[in-house]
Amino acid sequence: MSDIFISYARSTEAEAEKVAEALRAKGYGVWRDDELPAHRTYADVIDERLKSAKAVVVLWSAEAAKSQWVRAEADAARQKGILVQASLDGTAPPIPFNQIQCADLKGWDGNPSAPGWKKVEGSVAALAGDAESDEKPAAKKARERSICVLPFANMSGEPEQEYFSDGISEDITTDLSNISTLSVVARNTAFTFKGNAVDVGQVARKLGVSHVLEGSVRKAGTRVRITAQLIDGATGDHLWAERYDRDLTDIFAIQDEISKAIVAALKLKLLPEEKKAIEQRGTTSAEAYQLYLMARNYWVTGNWGDVRQLELVIRVCQRALEIDPNYGRAWGLLAIVQSILFYTFSVGNDDGLAAAERALSLDSNIAEAYCVRARSSHEMGELDKADEALTQALKLGPDSWEVNREAARIYYFQRRLNEAVRHYEKAVELDENDYHSWGMLASAYEALGNRDGLLHAAKMVVTRSERVIAQDPTNAAALGTGASGLAILGERDRFDEWVERALLLSPDNQIMRYNFACAIAVYFKDKDRSLDLLEPVFEWQPSNMLRNIVTDPDLDGLRGEPRFEKMLETARRRMLADGIAPPIPTAT
């Protein structure tokens, strides 16, 4: 295990990485939560790392001081007597941590002679020893068993084939993550290097891993060529390299061979269940597998709110399932997209629950299927069942973008805002195109009184929305979500312009109207305009939206307004008349 555990708030990730790099340069084994293995639950790994750490470096900031996770980690370290504190922005540690010395790292540029850094370094050395001369063999051995799988390069000459090379990279990452004696860098971290010319040694040092796997994929017709090489991060030596020229139908065998070759090169021993997990593909059809990778690519790279994209994912999944009706992963993806179309956009007549149950009957480890169970239970007001399903989803997919988004959404509308923030932060980290989660983060930060987080989220949602709009000026969802960021930043003229464009492109999008109403109510205090926008939302489908309206903190400023309460009561009565469960009460 690593000597040093670093605790920090998500908004200070760059500063945390700078601290981690400086400590690694001194020879310490350093761990922070960007290195969570895909096959382990978040809470279990955090607990394990805290227990094994010799020192816990807590980086305080305005956001960190409000984070229940950072406080809990700091408290565990304080009780063990291994707490080292530093402030990144001048924020003093909260009670009771203010009784312990705190180094000043405000504006620290990495200078090893800076007084604040010398204080941190001295405290770490006192607790963990001189890493350069006193590292235990066990710690060295642990770091020998860590790897980053870089995204395999698409050599097909066709950008649309990128989904295939990305899918192979992800599957090999997942295979290796099933090995208990090997630490694997998460997919989202590895993919930050995609498309860049990288120095493998620098990658290894940055991520604190001993080995790096890189490769390329060339697919042409029914043939595929895959090259892979395992590199020692310290020396740059190739420990193993191979080229595979095969029929496309051999793709599963190639992946198995690569994973097993890495196991052999690193001299790892597999448990029987680990060997079985590596060989488990879910389908024997290479064609169904390719279609699933294509659907998955449309899903993770598409723009949130684009119904056409969601319908395309469903069609491709359905085609994969025509080829192999027992392909659990395809059923799981189909289920979550059907659920979102049905509940969020009121499109179609299938809530995804049947597909989710089919997925779980084939493979009980499909995390996305539990998300659909959670969504269905939440919509029915069965909160205990929703929590139970979410817990299982997070256990199986702690680094899944879908799982973190769904957990965050449900927690948000249960007014469990700190938990919602944690998972929305994870979602935007996992997908750099996810502008929608930044918009939800802004709302959660606002409700929690986190002004710094709110402004940062507002800037990010505008930036990411602008990127999408530049690629597709007709994307009303991006315009609508970006408008909420402009409202937070007080840019009323641009806000009104984006709202007008969005409603012109998508006049029947009631969810977008709802979001505009929220932004106007919170940031411009224009109650009449907000209620004008909400009125058709109430009339549209109260059975779907009413729970959100009842619990959404953005609408707290309208509660008690006669017009709002009248619309709310009319919608409640309509639900009861239609035999629909009443909305969950406002959480406190």
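Residues numbered from 1 in each chain as written. Predicted model: local features only at pLDDT ≥ 70, side-chain atom pairs only at ≥ 80, totals over all residues. Heavy atoms only, no water.

Q: Could you give me a rundown of the pattern of salt bridges, with the residues and numbers involved?
A: In this structure the tally under the stated criterion is 33 salt bridges. The salt bridge involving Asp245 is made with Arg225; its shortest N-O contact spans 2.7 Å. Here Asp245, found in strand 11 (residues 238-247), pairs with Arg225, found in strand 10 (residues 223-232); they are 20 residues apart in sequence, far enough to count as distant. Relative accessible area serves as the criterion here: at 34%, Asp245 is assigned to the partly exposed category. Note that Glu402 is salt-bridged to Arg296, the shortest N-O span being 2.1 Å. (Salt bridge = Lys/Arg side-chain N within 4 Å of Asp/Glu carboxyl O. Helix = DSSP H or I, 4+ residues; strand = E, 2+ residues; numbered from the N terminus. Buried < 20%, exposed > 50% of the residue type's maximum accessible area, 1.4 Å probe, protein only.)

Q: Residue-level account of the pairing of strand 3 (residues 55-60), with values.
A: Most of strand 3 sits out of view: 6 of its 6 residues are buried. Alternating residues of strand 3 divide into Ala55, Val57 and Leu59 and Val56, Val58 and Trp60, and every residue in both groups is buried. Looking at chain direction, strand 1 (residues 4-7) and strand 3 are connected through 4 bridges and run parallel. Directly across from Phe5, in strand 3, lies its bridge partner Val56. Summarising the sheet, strand 3 and strand 4 (residues 83-87) pair through 5 bridges and their orientation is parallel. The residue of strand 4 that forms the bridge with Val57 is Val84. (Pairing = 2+ DSSP bridges.)

Q: Give a description of the packing of helix 22 (residues 451-471) against helix 24 (residues 492-505) that names residues and reports values.
A: Here helix 22 crosses helix 24 at 45°, and the two axes come no closer than 15 Å. It follows that helix 22 is oblique to helix 24 by the angle criterion. Helix-helix and strand crossings are classified by hand; for helix 22 and helix 24 the assignment is left-handed. Counted together, Ser465, Glu466 and Ile469 of helix 22 and Arg494, Trp498 and Arg501 of helix 24 form the full contact between these two elements. For the contact of helix 22 with helix 24, the residue count by class is 2 nonpolar, 1 polar and 3 charged. (Axes fitted to C-alpha atoms, helices over the stretch in contact; angles between N-to-C directions. Parallel < 35°, antiparallel > 145°, perpendicular 65-115°, else oblique. Left-handed = near helix turned anticlockwise from the far one by under 90°. Contact = heavy atoms within 4.5 Å. Nonpolar A, V, L, I, M, F, W, Y, C, P; charged D, E, K, R; others polar.)

Q: Residue-level account of the nonpolar core, with values.
A: In terms of nonpolar packing, the biggest core is built from 139 residues, with Leu213, Ile258 and Trp299 touching the most fellow members. Setting aside residues no more than four positions away along its own chain, Leu213 makes contact with Ile147, Cys148, Val149, Leu150, Phe152, Ile172, Ala228, Gln229, Leu230, Trp240, Ile258 and Ile262. Counting residues in hydrophobic clusters, the runner-up holds 24 residues, among them Ala20, Ala55, Leu88 and Ala114. (Core = buried A, V, L, I, M, F, W, Y, C linked by side-chain atoms within 4.5 Å.)

Q: How would you explain helix 23 (residues 476-488) if you had to name every residue and give the values?
A: When the terminal C-alpha atoms of helix 23 are compared, their 19 Å separation across 13 residues agrees well with the 18 Å that a helix rising 1.5 Å per residue should span. In terms of residue burial, helix 23 counts as a mostly covered element, since 13 of its 13 residues are buried. Where helix 23 begins, the side chain of Asn475 points an oxygen toward the backbone nitrogen of Ala477, at a separation of 3.1 Å. (Expected span 1.5 Å × (residues − 1). Polar contact = N/O pair within 3.5 Å; in protein donor to acceptor, adjacent residues only side chain to side chain.)

Q: Which residues make up the pairing of strand 9 (residues 211-220), and what are the values?
A: For strand 9, the buried fraction is high: 7 of the 10 residues fall into the buried class. In this structure, strand 7 (residues 153-154) lies alongside strand 9, joined through 2 bridges in parallel fashion. By the bridge assignment for strand 9, Asn154 is matched with Val217. Relative to strand 10, strand 9 runs antiparallel, the two being bridged by 10 bridges. Across the sheet, residue Ser216 finds its bridge partner in strand 10, namely Thr227. Where strand 9 folds back on strand 10, the antiparallel hairpin that results is connected by 2 residues, among which Gly221 adopts a positive phi of roughly 60°.

Q: Let's hear about empty space enclosed by the protein: which residues, and what values?
A: According to the stated counting rule, one finds 5 cavities of 30 Å³ or more in the structure shown. Within this model, the largest cavity holds a volume of roughly 620 Å³. What lines the largest cavity is a set of 35 residues, and nearest its centre among them are Phe413, His436, Met440, Ile511 and Asn515. Of all the secondary-structure elements, those providing two or more residues to the lining of the largest cavity are helix 15 (328-345), helix 17 (367-379), helix 19 (401-413), helix 21 (435-448), helix 23, helix 25 (510-524) and helix 27 (542-551). Looking at the lining of the largest cavity, its residues break down into 17 nonpolar, 10 polar and 8 charged. (1 Å grid on protein atoms, 1.4 Å probe; cavity = no way out; pocket = protein on both sides within 12 Å on 5 of 7 lines; lining within 4 Å. Points joined across faces, edges and corners; volume = space filled by probe spheres on them.)

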